[in-house]
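Chain by chain, the residues run as shown.
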Amino acid sequence: MATIFDKILDGALPCHRVYEDEHVLAFLDIAPLAPGHTLVIPKERRAHLHELSDEAGAALGRVLPRITRAVLAATGAQHYNLLQNNGAPAHQAVFHVHFHIIPRMHNKGLGIEWRTSELEDPEGLLSKMHAELAP
Ligand code: AMP
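Here the structure is a predicted model, which means the values were calculated and not measured.

Among the surface-exposed residues, Leu119, Leu125, Leu126, Met129 and Leu133 lie close enough to one another that they form a single nonpolar patch of about 530 Å² accessible area. On the basis of relative accessible area, Leu125 is assigned to the partly exposed category, the value being 42%.

In structure tokens, the structure reads:
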């Protein structure tokens, strides 16, 4: 399913481009939570992070710190959140993988509520995770 970010990647819709390379595009969010709120997307078209190839994941990881430094330099912010939503219940609205870089300014913008619980059955979780991660 095509998304609005496909149109940006295809050049059919403009964006305020922050950074671009062979695998990654970064641009200003159209409805920022704070000045400098930037979206970093892979050119690989996948809805969710876990669907990305290792290559696309590596390309994102390689540039996220550098793009974040540019956001901080441009805004003067010292604190920030990286947010990456997957699925509508997790507040994803655009179904193309994207990382939000959100400067934290004057205690405004992004609100986060942590509803913690007890860690249950870590060994059961680990055995399933290790099976999935086994080469
Ligand atoms: P999410 O809820 O994680 O899917 O966030 C989607 C983000 O995309 C929101 O912060 C929107 O403001 C942003 N957005 C939607 N359309 C555009 C656009 N054309 N250009 C820049 N940002 C956009």
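Now that the structure has been shown, the text picks up again.
Turning next to the site of the ligand. Around the ligand, the structure places 17 residues, and the nearest of them are Asp29, His91, Ala93, His98 and His100. A distance of 2.7 Å separates an oxygen atom of the ligand from a polar atom in the backbone of His91. Separating an oxygen atom of the ligand from a backbone N or O atom of Ala93 is a distance of 2.6 Å. For the ligand, the protein covers 82% of the area, taking 510 Å² as the surface of the free molecule. Assessed atom by atom at 2 Å from the grid points, the ligand resides in the largest pocket. Broken down by secondary-structure element, the contributors of at least two residues to the shell around the ligand are α1 (4–10) and β2 (24–28). The greatest single-element share of the shell around the ligand, amounting to 3 residues, is contributed by α1. For the shell around the ligand, the residue count by class is 11 nonpolar, 5 polar and 1 charged.

So, how was this worked out
The residue count restarts for each chain, going from 1 along the sequence in the order it is written. In view of the model being predicted, local features appear only for residues whose pLDDT reaches at least 70, and side-chain atom pairs are presented and counted only at 80 or more, with totals across whole chains, interfaces and linings using the full set of residues. To get the side-chain values, take all heavy atoms of the structure and skip hydrogens and water. Residues enter patches when they are more than 30% accessible in relative terms and free of salt bridges; like-charged ones are connected within 9 Å and nonpolar ones (Val, Leu, Ile, Met, Phe, Trp, Tyr) within 5 Å. Here, Shrake-Rupley sampling with a 1.4 Å probe gives the accessible areas, and only protein chains in the shown set may cover a residue. Every case where a carboxyl oxygen of Asp or Glu lies within 4 Å of a side-chain nitrogen of Lys or Arg is listed as a salt bridge. Here the term buried applies to any residue with accessible area under 20% of the maximum for its type, exposed to any over 50%, and partly exposed to those in between, with areas from a 1.4 Å probe on protein chains only. We call a residue near a molecule or strand whenever a single non-hydrogen atom of that residue lies within 4 Å of it. What qualifies as a polar contact is a pair of N or O atoms within 3.5 Å, subject to a donor-acceptor requirement within protein and to the restriction that residues adjacent in sequence count only when both atoms come from side chains. Grid points spaced at 1 Å and placed over the protein atoms alone form the basis of the search, with a cavity being a set where a 1.4 Å probe fits but cannot get out and a pocket an open set showing protein on both sides within 12 Å along at least five of seven lines. Lining residues have an atom within 4 Å of a point. A molecule is said to be in a cavity or pocket once over half of its atoms fall within 2 Å of that pocket's grid points. Secondary structure elements follow DSSP: runs of H or I no shorter than four residues count as helices, runs of E no shorter than two count as strands, and numbering proceeds from the N terminus. Residues are grouped as follows: nonpolar covers Ala, Val, Leu, Ile, Met, Phe, Trp, Tyr, Cys and Pro; charged covers Asp, Glu, Lys and Arg; every other residue, Gly included, is treated as polar.

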